[in-house]
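A closer look at the structure
Here is what each chain is made of, one letter per residue.
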Amino acid sequence: MRPVRLTMQAFGPYPGRIVVDFRDAVDAGLFGIYGQTGSGKSTIFSAMTFALFGAPAKPDQEAPSLRSDHADAGMTTEVEFVFDIGARRFVIWRKPEQMRPKQKGSGETASLHEARLFDATGLSVDEITDQRRGKIIAEKKVGVVNAAVSEMLGYGPDQFRQIVLLPQGRFETFLAAKTKDRLDILRDLFDVSLYRDLAARLKADAANAENHVRGERDVCARRLTAEGFESTDALASGIVEAETRHAERLEIENTGRLALEVAQTKLRDAEAIEAKFKAAETTTTALSALEAGKPAADALAERVAKAERARSLLDAEARVTEAASEISKAEEELQNTQANAEKAANAAKLAAEALQYENGRAGEIETLRRQIDELDRHKQALDNAASVTDALQKLQTAEHGARIALDKARQGHTSLQTKWREKSDGLKIARATEARRHDIGVRLAALRASFVAAEAFENAGKEIQAANTSVVNLRSTHETAARRAEEALDKFENAERRLSAAQALHLAAKLEAGAPCPVCGATEHPAPATRALENVESDQTFRDTKSAWQQADKAARDVAERLAAARSILKEREDRQAGIPRPNDSAAVLNDKVRTELLALDGLGPQIDIVRVESEIESLDSEIAALATKREALRDSHVECEKNTSVARARLEEMLSSVPLALRDQTALSASRETASQTLLKREAAKTAAEKQASETRDAALNAQKDQQAAANAITNCRERQQKEIGAFKSRLVEAGLSEDDFRSLKPDIANIDTDRATVEQHARKLAIALDAAEKAAAAIREQVRPDLENLGANQHDAERDLKAATDQRSSARSKLEQLTKLRDELADTLRKLDEAEAASGPLRKLAELVNGDNAQKLDLETFAIGAMFDQVLEAANLRIGPMTNNRYRLERDLEGGRGRRGLGIQVFDTHTGKARSTSTLSGGETFIAALALALGLADVVESASGKIRLDTIFIDEGFGSLDTENGAGTLDQVLQVLSKLVSQNRSVGIISHVPLVQEAIPNGFYVRKDITGSTVESRSVI
């Protein structure tokens, strides 16, 4: 960044409008900003800092305090800064938050912070005014402007204060800072987030791998415990016991199956005998039912005979019914002919009236013929004007096309202008969005690293909690087991004492006077043991209590071993957590923050090519200008077409003056003539049709009267036939011996004659068959005894129940065996894989420890990477400190000092003593020189390491008063010589100082004068 022009208004100690033109000073290379203490020298740099970033040079200073106390109340505080980055020129304008007089009434009102950023590339400094600052890049929203400036420069306000302005005492502080503090500064200047993220990822992956193995082993242990086993060896013993239990259950199941087969055979034999008894009962019941139904069968046979006589009379009855039907049809026909006769008479009357109506309007036919002749004359006039009409239509088409082209050009011009505005607005939004995207990316990387660390810490805490719970549970279990072991030991010792007493009684009972004792060999037995044998302990009780004590003692020892192992695990996990830094936030909170940032990042949408959008806007400018020229040409063409159309329209009107307006169109005229012709034809056709209809309806009325008379004669004939058929039917009833009531009651049975006859015959056959079956069934059970099926069924049910229980027990034993076998195989495979995984993750865990600072130097990967960049900074600084100290001092990295985080310490090597020592041992002047060299070296490395950051100009604020002088210069002269060399390397250096010798050595620059009304700035140059 190279300053060009700074304009301050009512800013700091400057009450009016001050313009600082840096062009001559920057061209000179080395320049100064001089003045009395407190005059406002540093305010110039503060104004540049505020213009760029909206923040003063001093971080603790509030923006509203920048307003000058000497300024008029009506003058606003503003800053405008013109600066170059490479070949591009930019202008930024800001107005800080301040109080101003109200426009109406008395008092003051607050004015908010405003900012605007412009691209002034191509404009000279003198062309840049308040009304013309170039193309807007960002405006209004302060955050958007700040983001755009940081994006262009490649650094923010803190870095600007550190590497562009070398302020009073600031780099002395950096020179003496601890590794952690210096790391925070360098982390912002050198992007080594890749190494920080890599170390965090390796640490997280190693922790995940270790947690996975540990968790899977815990799962295996829990599976064993759930099955009641404390180890895989105990599981193997359990499998052997399960195999034995399964074999026993299988033998019991086979015995139960044989018992069930015997019971089933007995039940089947009994069921066969029972079936014979039931068959005899069934046949007897069936025979009784058939014998009871014989009277009904005889009555049905008699009714069948009568129904056959009634069936012989059906033909006579049908002829009577047919005669009645013919009478109904003849009566219906008479009604129809009467209706037809009336209808025909009415039609004849209507036809006569229609003929009379048509004869009354015959005069309309002649009128229509005259109308058609007149329309033919109009058509001739239209034909004569056809050529003029065609020409007019072509002209109208041309005029319409010219109007459409003109409208299209207007719309296109408007559309391009709208598109230009949208593109410009989009460009502003895109620049602001990309600035926010960069900020979110920086925050997201930091949050992810913090989340990984917090998750590792919380996982370690959960493991400690689980281990602590296990210790508490095992401690309680151990106390219970120890108490049970003590109780079992007491019982065993009591049983042992009682058993010894019983054995003494047995021996005493066998002692004889003079006979040797089988224990001691003595022949005298003065006091043999005496007691009832039934009250002493048995040998079996002794063995039982001993076995119980041994088992309880073994259980207590096993629990003690498990408790010791659990305590060891708890200690190991507590030690491991102690080595993990405690996070400020929980993993859940950090995860929510990460998700919030990701949502914010997603909400920004896809990335936009800002350069491409700028190019599109420039193309739109060219298109808008070209389309405006085309629009004017189209407007002239449209006016000419309108003129030609008016001339042709007047000539056509003259030729068609005799033709009504409604008939000047060929289509309308043809339609009118066609309508008249159709109407004429309809009138003539209607008259002819009316005459024909009148004649036809008169003939139809006469024919209908004849049909009516014929229908009346037919009814008389049908009634005579009906009386004849009724007499014949009554004679047949007498011959059959039936009355009319008998015939009607027997008619329903006629349809069932065959079915009823078959029913009678079937009953006779069933009765014969039932008699035979009853005799055979009685013979089959004559020698048999009826079995007890209920008792035999109960026996079979009991056998089935026993077999099912045995099968269930055998199945349960087999399932348990398969379950344990499967568990053994799965655990063996899982434990083998866990051993392999633990061995495979060993290098990863070791690497994670190394890159996260668990090494001899206590250096993590990020500090190591920044240290590599810091070595370059020190090399560049030594190029400056050597000439400024007659090559006495050289800055080195201190890798050994400190108990905590280290790797970025600084020490100074003194060639006079040949030893390195702390920078705190330097004098005030030496400290200034070392800090200045370090700052200049840092600026060199930052610019070379980042292709985006350009440090064309740097400022040094005070500190020269601490340098010694010899013959008027001394060390000061050496420092100034080094600064002059910087200028020869295409970098301008501005010195802020009040030292007279500095002013004499570097006359170029500015002088700030202070009086009671405020300060002013004067330009200085070589005299």
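Structural data are supplied above this passage.
Residues numbered from 1 in each chain as written. Predicted model: local features only at pLDDT ≥ 70, side-chain atom pairs only at ≥ 80, totals over all residues. Heavy atoms only, no water.

**Notes on the nonpolar core**
To be explicit about the condition: As used here, the term nonpolar core means buried Ala, Val, Leu, Ile, Met, Phe, Trp, Tyr and Cys residues forming a set that is joined through side-chain atoms within 4.5 Å. Summary of the burial criterion: residues with accessible area below 20% of their type's maximum are buried, those above 50% are exposed, and those between are partly exposed, where the area comes from a 1.4 Å probe applied to protein chains only. Counting from the N terminus, the helices are DSSP H or I runs at least four residues long and the strands are E runs at least two residues long. The contact rule is simple, with two residues in contact once any of their heavy atoms fall within 4.5 Å.
Of all hydrophobic cores here, the largest spans 46 residues; its most connected members are Leu 6, Phe 22 and Leu 52. Counting residues per element, this core draws most heavily on helix H2 (residues 41-53), which supplies eight residues. Once you skip the residues sitting within four places of it in the chain, Phe 22 turns out to touch Pro 3, Val 4, Arg 5, Leu 6, Phe 31, Ile 44, Met 48, Phe 955 and Phe 1006. One finds Val 873, Ala 877, Ala 933 and Ile 956 within the second-largest nonpolar core, a separate group that totals 39 residues.

**Thoughts on the environment of Leu 290**
The residue Leu 290 is located in helix H8 (residues 232-292) in this model. Each C-alpha atom, one on Leu 290 and one on Ala 764, is 8.9 Å from the other, the two residues being 474 residues apart in sequence. Every residue in contact with Leu 290, bar those within four places of it in the chain, is listed here: His 763, Lys 766, Leu 767 and Ala 770.

**Observations regarding the sheet that holds strand E12 (residues 905-910)**
Here is the rule: In this scheme, strands are said to pair when DSSP sees at least two bridges between them. Fitting a line to C-alpha atoms yields each axis, with helices limited to the stretch in contact; the angle taken between N-to-C directions then spans 0 to 180 degrees.
The three strands are arranged E11-E12-E13 in an open sheet whose pairing can be described as antiparallel. Two strands close off the open sheet at either side, each with one partner strand: strand E11 (889-894) and strand E13 (915-918). Each adjacent strand pair in this sheet contributes to an overall mean axis angle of 40°, direction not counted. The pairing of E11 with E12 spans six bridges and is antiparallel. Residue pairing across strands places Tyr 889 opposite Asp 910, the latter belonging to E12. Sitting on the sheet, helix H20 (residues 861-884) touches E11 and E12, and the angle it makes with E11 is about 170°.

**Examining the environment of Pro 606**
Position of Pro 606 relative to the elements: it lies in the loop between helix H14 (587-603) and helix H15 (610-655). What makes Pro 606 exposed here is its relative accessible area of 67%. Along the sequence, Pro 606 and Thr 433 sit 173 residues apart, while their C-alpha atoms lie 9.9 Å from each other.

**Section: the packing of aromatic side chains**
Quick note on the threshold: Each aromatic pair joins two rings of Phe, Tyr and Trp (for Trp, the six-membered one) with centres within 6.5 Å, and gets the label stacked for planes under 30 degrees apart, edge-to-face for over 60, and tilted for any other angle.
By the definition in use, this model includes six aromatic pairs. With centroids separated by 6.5 Å and ring planes inclined at 85°, the aromatic side chains of Phe 31 and Phe 1006 adopt a geometry described as edge-to-face. Of the two residues, Phe 31 sits in strand E3 (residues 30-35) while Phe 1006 sits in strand E16 (residues 1005-1011), which places them 975 residues apart along the sequence. What makes Phe 31 buried here is its relative accessible area of 0%. By relative accessible area, which is 2% here, Phe 1006 ends up buried. Chaining the aromatic ring pairs together yields one cluster made of Phe 22, Phe 31 and Phe 1006.

**Points about helix H3 (residues 142-153)**
Heads up, the rule is: What a helix is expected to span follows from its residue count: subtract one and scale by 1.5 Å.
Over its 12 residues, H3 runs 17 Å from end to end, which matches the ideal 16 Å to within 8%, given 1.5 Å per residue. Along H3, the positions that sit buried rather than exposed are Val 142, Val 144, Val 145, Ala 147, Ala 148, Val 149, Met 152 and Leu 153. Directly after H3, the chain includes Gly 154, whose backbone phi takes a positive value near 90°.

**Observations concerning the pattern of salt bridges**
Between side chains of opposite charge, pairing is possible as soon as their charged atoms come close. Put simply, the rule is: What counts as a salt bridge is simple: a side-chain nitrogen of Lys or Arg found within 4 Å of a carboxyl oxygen of Asp or Glu.
The tally for this structure, following the rule as stated, stands at 42 salt bridges. Among the ionic pairs, Glu 818 bridges to Arg 814, the shortest N-O distance being 3.0 Å. With Glu 818 and Arg 814 both in helix H19 (residues 789-851), this residue pair falls four residues apart, about one helical turn. The class for Arg 814 is partly exposed, based on a relative accessible area of 39%. For Arg 893, the salt bridge goes to Asp 871, with nearest N and O atoms at 2.9 Å. Note that Arg 893 is positioned in strand E11 and Asp 871 in helix H20, a separation of 22 residues in sequence. Among the charged side chains, a salt-bridge network with shared partners connects Arg 5, Arg 17, Glu 80, Asp 130 and Arg 133.

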